[in-house]
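# Structural description and commentary
One letter stands for each residue in the lines below.
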Amino acid sequence: MPHTTIEIPSKLPLFSQKETVVFPYMLLPLYVSERDAATFREADSYEKYVVLVFERTDDPAHELPGGRCEIGTLCKVNQIKKLDDGRYKVSLEGVTRVRILDTEPSGALTLAYCEIVREFVEKNLASDALVQSLNALLKIALSHGKPLPGDVMKMIDYIDNPARLSDLVALYVNLPTVDLQELLETTDPLERLKKVYVQLTDEVQRMQIKNEVAGEVTKRVGKNQKEYILREQMKHIQEELGDEDPRNSDMNELRRKIEDAGLPEEVKKIADKELKRLERINQASPEYNVSRTYLDYLTGMPWNNSTADTLDMVRAEEILNEDHYNLKKVKERILEFLAVRSLKENMKGPVLCFVGPPGVGKTSLGKSIARSMGRKFVRISLGGVRDEAEIRGHRRTYIGALPGRIIKELYRCGVNNPIFMLDEIDKLGNDFRGDPASALLEVLDPEQNFSFNDHYLDVAFDLSKVMFITTANQLDPIPGPLKDRMEVIRLAGYSSLEKLQIAKKFIVRRELEENGLTDRGLVFNDEALQKIIGDYTREAGVRSMQRTVASICRKVAKEITQSMEPRSCITPEIVTELLGPKKFHNEVAAENDRIGVVTGLAWTETGGDILFIEVTSMPGKAELLLTGSLGDVMKESARAALSYIEAHAGEFGIKPDAFENRTIHIHVPSGAIPKDGPSAGVTMVTALVSLLTGKPARRNVAMTGEITLTGRVLAIGGLKEKVLAAHRAGVSTVVAPERNRDDLEDIPDNVRSELQFIFVNEAAEALAAAL
C-alpha cells in the first residue's frame with residue numbers, strides 16, 4: 001500500500017534541534033527565540049512547510065555537516081505566537097519523513113534540498129498479527145501508566161496501518177532521543193513496528209515491576225498507618241480508663257531504674273542521653289531494641305551492690321577444711337586475705353593462679369573459697385577462646401553486639417565483688433580476631449582494672465573489688481606479662497595417704513549419694529581403697545579414682561535391682577571381682593637390678609612420673625645414638641654426660657679403650673611420648689657408668705638432677721611431683737640435688753617418712769648411692 005503522496009517545494013527552511021525527535025502525525029508546540037522564529041516565519045513562502053531534524057554527535061556515519069541527521073520530518077506551521085517573555089510559541093504538525101539531500105545557507109536561514117521518504121507495506125497475516133499484538137500491548141501499557149485521552153484510545157482501535165501505528169506508539173514509549181531517531185530512520189514500516197513492539201514490551205515490564213513495588217510500599221505504609229491509628233485509639237482508651245500507655249510505662253520503668261541504679265555521674269549522663277534518644281525511636285524500629293538492651297545492661301550492672309565478706313576466720317577455715325583435704329598453702333593465703341580485709345575495708349582483690357595437674361581440685365577450690373568468704377561464685381572457661389571480643393565485648397555498631405563475658409557474668413550475678421574464676425587460662429588461643437590474653441592484662445592488673453572499659457558498655461567499670469582466681473595445668477603457655485600480674489600457687493599431686501583420706505571423707509560419700517546407696521549401709525574399707533589407688537589408678541589427682549569408685553557403686557546398684565544379696569562392705573577381693581585384673585603394676589618392685597638401666601624421675605603437666613634410662617653399646621664407629629622421642633635439651637644432657645664420663649674415665653675405673661670403636665646407644669622407653677628437659681642428666685651419667693663398669697644399678701633408687709661438664713649436679717623443678725611419683729611406683733630411695741633440700745618442706749610427712757633422700761652436689765656422689 002503506497003504512502004499518501006504530497007507535493008513539496010524543491011527546497012525548504014531547515015531547523016535543527018537537540019531536545020526532541022518529531023514524528024509524522026505528531027502535534028507539538030515549540031518554544032523558540034526571536035532569531036529562531038525567523039525560520040518558521042519564512043515557512044509562509046514555502047507553503048507553510050519547514051523541515052525539523054535532530055542534531056547529534058554520537059554517530060557520525062549518519063550525519064550531515066553540522067551534526068544534523070540525514071532523515072528528518074516535514075512539518076506544517078499552524079501558528080506562530082509571541083509570548084510575554086519575548087519568546088515565540090510555534091504550533092507544528094508532523095506530516096511525513098524526508099531525506100535531506102543537501103543544504104545551503106540563505107542569509108540567517110539554512111535551506112535544505114529534500115525528498116519524501118516513500119513507505120510501502122503489503123498487508124498480510126504477519127502484518128495484521130503484529131498490528132493486533134501491538135494494539136493489545138499498548139492497552140496493557142496504558143492500564144499500568146498514564147492513560148491517553150478517550151478519543152485517542154478509540155483511534156488506536158481503528159488504525160491498521162503499520163507505519164501510522166508504529167509512529168503513534170513511538171510517541172508513547174519513553175525512549176531516549178537517540179533511540180527515537182533510530183526509529184525515525186527505520187523506513188520499513190514492518191521493521192519499525194517490530195522495534196516498537198520490543199521497546200514497548202520492555203516498557204510494560206518496567207511498569208509492572210514499578211507498580212508491584214509501589215503496591216508493596218503502599219501496603220506497608222497502609223499497615224503502618226493502620227497500626228498508628230490503632231495505637232492512638234488504644235492510647236485514648238487507656239487515658240479514658242486511667243491506664244498507663246505501655247510505651248510510657250517502659251520509659252518510666254527505665255527512668256526509675258536509672259535513678260535507683262546508683263550510677264556514677266558520668267554514666268548517669270550517658271544513660272539519660274540514651275533514654276531521650278530511645279523516646280524518639282519508633283518501637284517497630286530495630287534500633288529501638290538495640291538501645292533498650294544497652295540501657296538494660298547499663299542499669300542492671302552492680303555499680304554499688306556488694307556482698308558482705310564473712311570475716312569469721314575460724315568459720316572460714318572450717319569450711320575450707322570441710323571441702324578440701326590438705327592444700328595448706330591455698331587455705332593459708334585465703335585466711336591471710338580475710339585477715340587483711342578485716343583490718344582494711346577498701347582493699348583490692350588479689351589475683352591468684354592455681355597451677356597443677358588435672359583432678360587436684362583447682363576448680364572446686366574456687367567454689368569453696370567463695371563459700372568460706374560468703375561471696376557469690378562466677379566461673380567461665382577460657383579453653384579454646386580465640387576472640388578478643390569474648391573478654392572486651394563488641395562495639396554497638398555491630399548487629400547482635402553484646403558485652404564481653406566479664407561484664408555479662410557480673411550483670412548476671414548482680415554483685416561487684418564475687419569470686420571470679422577464669423578456668424584453663426593456659427589454653428587461650430589467638431588468631432586474626434585478636435589476642436584474648438592481651439585483653440586480660442587490664443582485667444587482672446589491680447593497678448588498671450578499677451576502670452575496665454568494655455567495648456559494648458563504653459564506660460569504665462570498677463573490677464578492683466573482684467577476687468580473680470585463674471587455673472592452669474602448666475605455666476609455660478601463659479604469656480609473661482599476664483603471668484607477672486598473678487600470684488602463682490602450685491598444687492602438686494596427692495600422695496597415696498592423702499588420696500585415701502580424700503576418698504574416705506569426700507569421694508565415697510558423694511558417689512554413694514549419687515548412685516542411691518546412702519541408705520544401704522555400704523562401706524569401703526581402707527584396704528579396698530588402697531587397692532583402687534595403687535592397682536587401678538595412677539594419677540596426680542583423684543578424678544580417675546572417683547570414676548573407679550563410681551563404677552563399683554553402679555555395679556552394686558545393679559546387683560540390688562537384680563535381687564542379689566546386697567553387699568555391706570567392699571573389700572580388696574570384691575574390688576578385684578568387680579573391676580577385673582589390676583591395670584597398673586609396680587614396675588620398680590617387679591624388676592631386678594640391671595646393668596645400664598637406671599630409674600629416673602620426670603615432671604609432666606599431669607603430675608610426676610618415673611622413666612627408665614637404658615644404655616647399651618656395640619662394636620662400630622665411636623658415636624652416640626639417642627632414641628625415645630627426646631627433645632633438644634635432653635639430647636644435650638646426654639652428650640654432656642658422655643663427655644664428663646670420658647674426661648673422668650680413670651676415676652670411675654673405666655678402661656681407656658672402652659670408647660674406641662664402640663657405638664653407645666641411649667634409649668628412653670615409651671618412645672611415642674615426647675620427652676625433654678635437663679633433669680635426666682645425672683640419671684644418664686649413672687646409666688653410662690653402670691654399662692661401662694659392668695656394675696648393676698639399684699632398681700629401687702630413683703634420681704633427678706641436671707649435670708654439667710664438670711660433674712656438678714644443679715637444681716631442678718617440680719621435686720614434689722617427682723617424689724610423689726616415686727612413692728607411687730614403689731621406689732625406696734630418691735637422689736636429688738643438694739640445692740633442692742629446702743623443697744622437702746612441701747612433701748607430705750608420710751611420704752618423707754617412707755622414703756630415703758640422698759642430696760648430692762657431684763655426680764660421683766649419685767653414683768655411689770645408685771651402683
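What this report covers is the structure whose coordinates are included nearby.

Thresholds applied
- Residues numbered from 1 in each chain as written.
- Predicted model: local features only at pLDDT ≥ 70, side-chain atom pairs only at ≥ 80, totals over all residues.
- Heavy atoms only, no water.
- Helix = DSSP H or I, 4+ residues; strand = E, 2+ residues; numbered from the N terminus.
- Buried < 20%, exposed > 50% of the residue type's maximum accessible area, 1.4 Å probe, protein only.
- Contact = heavy atoms within 4.5 Å.
- Axes fitted to C-alpha atoms, helices over the stretch in contact; angles between N-to-C directions.
- Parallel < 35°, antiparallel > 145°, perpendicular 65-115°, else oblique.
- Left-handed = near helix turned anticlockwise from the far one by under 90°.
- Nonpolar A, V, L, I, M, F, W, Y, C, P; charged D, E, K, R; others polar.
- Patch = residues over 30% accessible without salt bridge, like charges linked within 9 Å, V, L, I, M, F, W, Y side chains within 5 Å.
- Areas by Shrake-Rupley, 256 points an atom, 1.4 Å probe, with all protein chains shown as cover.
- Salt bridge = Lys/Arg side-chain N within 4 Å of Asp/Glu carboxyl O.
- Pairing = 2+ DSSP bridges.
- Arc of directions from axis to C-beta.
- Phe/Tyr/Trp six-rings, centres within 6.5 Å; stacked < 30°, edge-to-face > 60°.
- Lys NZ or Arg CZ within 6 Å of the ring centre and 35° of its normal.
- Disulfide = S-S within 2.5 Å.

### Regarding the overall build of the protein chain
Scanning the protein chain for helices and strands turns up 26 helices and 24 strands. Reported as C-alpha extents along the three principal axes, the dimensions of the protein chain are approximately 140 × 90 × 60 Å. Expressed as a percentage of its 771 residues, the buried residues of the protein chain come to 46%. Intrachain contacts of the protein chain at a sequence separation of at least 6 include 73% that bridge at least 24 residues.

### Thoughts on the packing of helix H17 (residues 496-514) against helix H19 (residues 543-561)
In the contact formed by H17 and H19, the axes pass within 10 Å of each other and the chain directions differ by 45 degrees. By the angle class used here, H17 and H19 are oblique. In this structure, H17 meets H19 at a crossing whose hand is right-handed. On the side of H17, the interface is formed by Lys499, Ala503, Ile507, Val508, Arg510, Glu511 and Leu512, while H19 contributes Met545, Gln546, Val549, Ala550 and Cys553. Partitioning the contact of H17 with H19 into residue classes produces 8 nonpolar, 1 polar and 3 charged.

### A closer look at a nonpolar patch on the surface
A grouping of Ile209, Val213 and Val217 is seen on the molecular surface, where their side chains present a nonpolar patch of about 270 Å² in accessible area. Looking at the element boundaries, Val217 is found in helix H6 (residues 189-241). Relative accessible area serves as the criterion here: at 44%, Val217 is assigned to the partly exposed category.

### Side note on the sheet that holds strand S19 (residues 662-667)
Taken in spatial order, the 7 strands of this open sheet run S18-S19-S17-S16-S20-S23-S24, and their pairing is mixed. Of all the strands in the sheet, just strand S18 (623-627) and strand S24 (756-760) have a single pairing partner and so form its edges. Averaged over all neighbouring strand pairs, the angle between strand axes comes to 30 degrees, with direction disregarded. Inspection of the sheet shows strand S23 (residues 733-737) paired to S24 by 5 bridges, in the parallel sense. In the strand pairing of S24, Thr733 is matched with Gln756. Strand contacts of helix H24 (residues 719-729): strand S16 (597-604), strand S17 (607-619), S23 and S24, with the helix running at about 75 degrees to S17, the strand carrying the most contacts.

### With respect to helix H1 (residues 34-41)
Residues Ala37, Thr39 and Phe40 constitute the buried set of H1. Buried residues of H1 fall within an arc of 145 degrees about the axis and therefore sit on the same side. On its buried face, H1 sits against strand S1 (11-17), strand S2 (27-32), strand S3 (49-54), strand S4 (71-82), strand S5 (88-106) and strand S6 (109-116).

### Quick notes on the sheet that holds strand S7 (residues 351-355)
With parallel pairing, 5 strands are arranged side by side in an open sheet as S8-S9-S12-S7-S13. Each end of this open sheet is capped by a strand with a single partner; those strands are strand S8 (377-381) and strand S13 (487-490). The average angle at which neighbouring strand axes cross in this sheet is 20 degrees, direction not considered. The sheet strands contacting helix H12 (residues 362-373) are S7, S8, strand S9 (419-423) and strand S12 (467-472), and the helix crosses S9 at an angle near 175 degrees.

### Overview of the pattern of salt bridges
Applying the stated rule across the entire model yields 36 salt bridges. One salt bridge connects Glu318 with Arg315, and the closest N-O pair in it is separated by 3.6 Å. Of this pair, Glu318 and Arg315 both sit in helix H10 (residues 313-323), 3 residues apart, which is roughly one turn of that helix. Taking relative accessible area as the criterion, Arg315 reaches 35% and is therefore assigned partly exposed. A salt bridge links Arg379 to Asp423, with the nearest nitrogen and oxygen atoms 2.9 Å apart. Here Arg379 is found in strand S8, whereas its partner Asp423 is found in strand S9, with 44 residues between them in sequence. Shared partners join several salt bridges into a network, and the residues in it are Arg315, Glu318, Glu322, Asp323 and Arg371.

### Here's the deal with the packing of H10 against H12
Contact geometry of H10 with H12 gives a least axis separation of 8 Å together with a crossing angle of 155 degrees. Compared by their axis directions, H10 and H12 come out roughly antiparallel. For the pair H10 and H12, the sense of crossing is right-handed. Mapping the contact onto sequence places Ala316, Ile319, Leu320, Glu322 and Asp323 in H10 and Ser368, Ile369, Arg371 and Ser372 in H12. By residue class, the composition of the contact of H10 with H12 is 4 nonpolar, 2 polar and 3 charged.

### Let's talk about the environment of Asn326
Within the secondary structure, Asn326 is located in the loop between H10 and helix H11 (328-343). For Asn326, a relative accessible area of 25% corresponds to the partly exposed category. Separated by 250 residues in the primary sequence, Asn326 and Lys76 have C-alpha atoms spaced 116 Å apart. With near-sequence residues (within four places) excluded, Asn326 lies in contact with Lys331 and Glu498.

### Some details on unusual backbone geometry
Phi angles above zero are rare outside glycine, and Lys48 is one such case at about 65 degrees. Counting through the fold element by element, Lys48 comes out in the loop between H1 and S3. Classification of Lys48 as partly exposed rests on a relative accessible area of 38%. For Ser563, which is not a glycine, the phi torsion comes out positive at approximately 60 degrees. Position of Ser563 among the secondary structure elements: in the loop between H19 and strand S15 (569-570).

### A word on the side chain of Asp426
As for its placement among the helices and strands, Asp426 is situated in the loop between S9 and helix H15 (436-443). Using a relative accessible area of 9% as the deciding quantity, one classes Asp426 as buried. Discounting chain neighbours no more than four positions away, the residues touching Asp426 are Thr471, Ala472, Asn473, Gln474, Pro477 and Ile478.

### Some remarks on the packing of aromatic side chains
Given two aromatic rings, one states the distance between the centres and the angle between the planes to describe the pair. Taken as a whole and assessed by the stated rule, the structure comprises 8 aromatic pairs. Every member of this aromatic cluster is reached through a ring pair, and the members are Tyr294, Tyr297, Tyr411 and Tyr456. The ring of Tyr88 carries Arg41 above its face, with NZ or CZ at 5.4 Å from the centroid. When the ring centre of Tyr294 is taken as reference, the NZ or CZ atom of Arg396 above it lies at 3.7 Å.

### As for the state of the cysteines
Enumeration according to the criterion identifies 0 disulfides in this entry. The thiol sulfur of Cys75 is not disulfide-bonded, and the nearest other cysteine sulfur, from Cys114, lies at 11 Å.

### Some points on the pairing of S1
Among the 7 residues that make up S1, 5 are buried, leaving the element largely enclosed by the rest of the structure. In this structure, S1 lies alongside S6, joined through 3 bridges in antiparallel fashion. Note that in S6 the partner of Leu12 across the bridge is Ala112. Where S1 lies against S3, 4 bridges are found, and the strand directions are parallel. Note that in S3 the partner of Phe15 across the bridge is Leu52.

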